[in-house]
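Residue-level structural notes
Below, each chain spelled out in residue letters.
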Amino acid sequence: MIKEITAQELNSEQFINDKIEEIQRAVGDGMAINALSGGVDSSTVTILGHRALGKRLKTVFIENGLMREGESKQVVDLFQKLGVTVEVVDAKKEFFAALKGVADPEEKREAITQTFYKNVFGRIIKESGAKYLLQGTILTDVDETVAGIKRQHNVFEQLGIDPQEAFGYRILEPLIQLRKDSVRKIGKALGLPVEVFERIPFPGPALSARVIGKVTPERIETVRKATVIVERLLKDTNAFQYMAILHEDRVTGMRDNKRDFGQQIEVRCWNSIDARTATPTKLSFEIFEKLAGEIIRDVPGIVSVTYNIATKPPSTIEVV
Ligand code: XMP
């Protein structure tokens, strides 16, 4: 049982010092690696890890082909400014090969997990001689996995999986007692810029968590284009998280006076504190019109745009 540290209880300075010590004790004079996606959790772990290990922590950005537009460059540039060198590892082919033909949500998650941890990190760990992977799993990830709601891509021990046995390395999870609001506090205390520690959450399986049905490079490109528009138009809402979802079903539409059996984008925009429960944000009709107009104009093949008005539960934040 993991003991939660609530945002009210959290003493950021003490937490940071304790975790730095724990990481140093575990890794000793060896090497560790950590994967940075640019999200709040992995960004926080990156800075914490570098405070603890300095050059003995190698930080990689896995280009899995499922990330948002321009993400790798943005992350590399930002961390360079913070004094952390990030190596980009191109694993696009491996991820698309593992996802090929997979439509079931849990099978998709499993394909991502195996590709990340067994293939890609397995290889990087071997090449670097590191014994530890440092990662930003948080309590909400564990809860939902253990409850059998979603197999979050980064949860092992709580499912009885020993990473050393399964993948050949140990995993350190310094944020596991925290929820998102507390991670933001730690990120802030570690000196991350506000656009990072206040960034909306983004899931480990990345845009593949936002494609219903099969994941192909083309379908990811469609949802990626829609994501750019949704994130730009909703960034001033102060919502917890917002996203575009690509549906599997096609619907009859019309374009240039001809039938167009097109695709559908669903927009979701959530109010939430810690992702355990969430309610849809009350957006103005003006924003809806902008969303629909720009998505239909700029994302090829889309003829329908909808807004999700269900709460979590029974909905979940992502669709996969
Ligand atoms: P759900 O969709 O389960 O999402 O309501 C709750 C929060 O977790 C994020 N999420 C993930 N984060 N690995 C992660 O690190 C995952 O596999 C994963 N799946 C969902 C989601 O974006 C939301 O903030």
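Sequence order sets the numbering: in each chain, residues are counted from 1 along the sequence as written. Side-chain atom pairs in this predicted model are given and counted only at pLDDT of 80 or more, local residue features only at pLDDT of at least 70, and totals for whole chains, interfaces and linings cover all residues. With hydrogens and water set aside, each side-chain value is computed from the structure's full complement of heavy atoms.

1. A few points about the UniProt feature "binding site: ATP" (unreviewed entry) in the protein chain
The cut-off we apply is this: UniProt positions are given in the numbering used here, feature names are shortened, and annotations may be inferred rather than shown by experiment. A 1.4 Å probe that fits into a set of points on a 1 Å grid over the protein atoms alone but cannot get out defines a cavity; an open set with protein on both sides within 12 Å along at least five of seven lines defines a pocket, and lining residues are those with an atom within 4 Å of a point. Here a helix means four or more residues in a row that DSSP labels H or I, a strand means two or more in a row labelled E, and each is numbered from the N terminus. Accessible area is worked out with a 1.4 Å probe on protein chains only. A residue is then buried under 20% of its type maximum, exposed over 50%, and partly exposed in between.
The sites that carry the UniProt feature "binding site: ATP" (unreviewed entry) are, in the present numbering, Ser37, Gly38, Gly39, Val40, Asp41, Ser42 and Ser43. Considering only the residues just annotated, the largest cavity is lined by Ser37, Gly39, Val40, Asp41 and Ser42. In this fold, Asp41 is placed in helix α2 (residues 40–53). With a relative accessible area of 13%, Asp41 lands in the buried category.

2. Details of the pattern of salt bridges
In plain terms, the rule: For this analysis, a salt bridge means a side-chain nitrogen from Lys or Arg found within 4 Å of a carboxyl oxygen belonging to Asp or Glu.
Taken as a whole and assessed by the stated rule, the structure comprises 22 salt bridges. Here Arg179 makes a salt bridge to Glu4, at a shortest N to O gap of 3.2 Å. Here Arg179 is found in the loop between β5 (170–172) and α8 (180–189), whereas its partner Glu4 is found in the segment before α1 (12–27), with 175 residues between them in sequence. A residue is classified by how much of its surface remains accessible, and Arg179, at 5% relative accessible area, is buried. Between Arg232 and Glu294 there is a salt bridge, with its nearest N and O atoms 2.8 Å apart. Of this pair, Arg232 sits in helix α10 (residues 217–234) while Glu294 sits in helix α11 (residues 285–298), placing them 62 residues apart in sequence.

3. Section: empty space enclosed by the protein
Applicable threshold: Grid points are joined across faces, edges and corners, and a volume is the space filled by probe spheres set on the points. Amino acids are sorted into nonpolar (Ala, Val, Leu, Ile, Met, Phe, Trp, Tyr, Cys and Pro), charged (Asp, Glu, Lys and Arg) and polar (every other residue, Gly among them).
Tallying each qualifying case throughout the model produces two cavities of 30 Å³ or more. Space inside the largest cavity adds up to approximately 760 Å³. Asp41, His153, Phe202, Pro203 and Gly204 are, among the 44 residues lining the largest cavity, the residues nearest its centre. Of all the elements in the fold, those that place two or more residues in the lining of the largest cavity are β1 (32–35), α2, β2 (57–63), α5 (105–128), β4 (132–134) and α6 (139–146). Class assignment of the residues belonging to the lining of the largest cavity gives a composition of 21 nonpolar, 15 polar and eight charged. Size it by volume and the second largest cavity reaches roughly 40 Å³. If you go around the second largest cavity, the residues you meet are Phe156, Glu157, Gln158, Pro163, Ile171 and Glu173.

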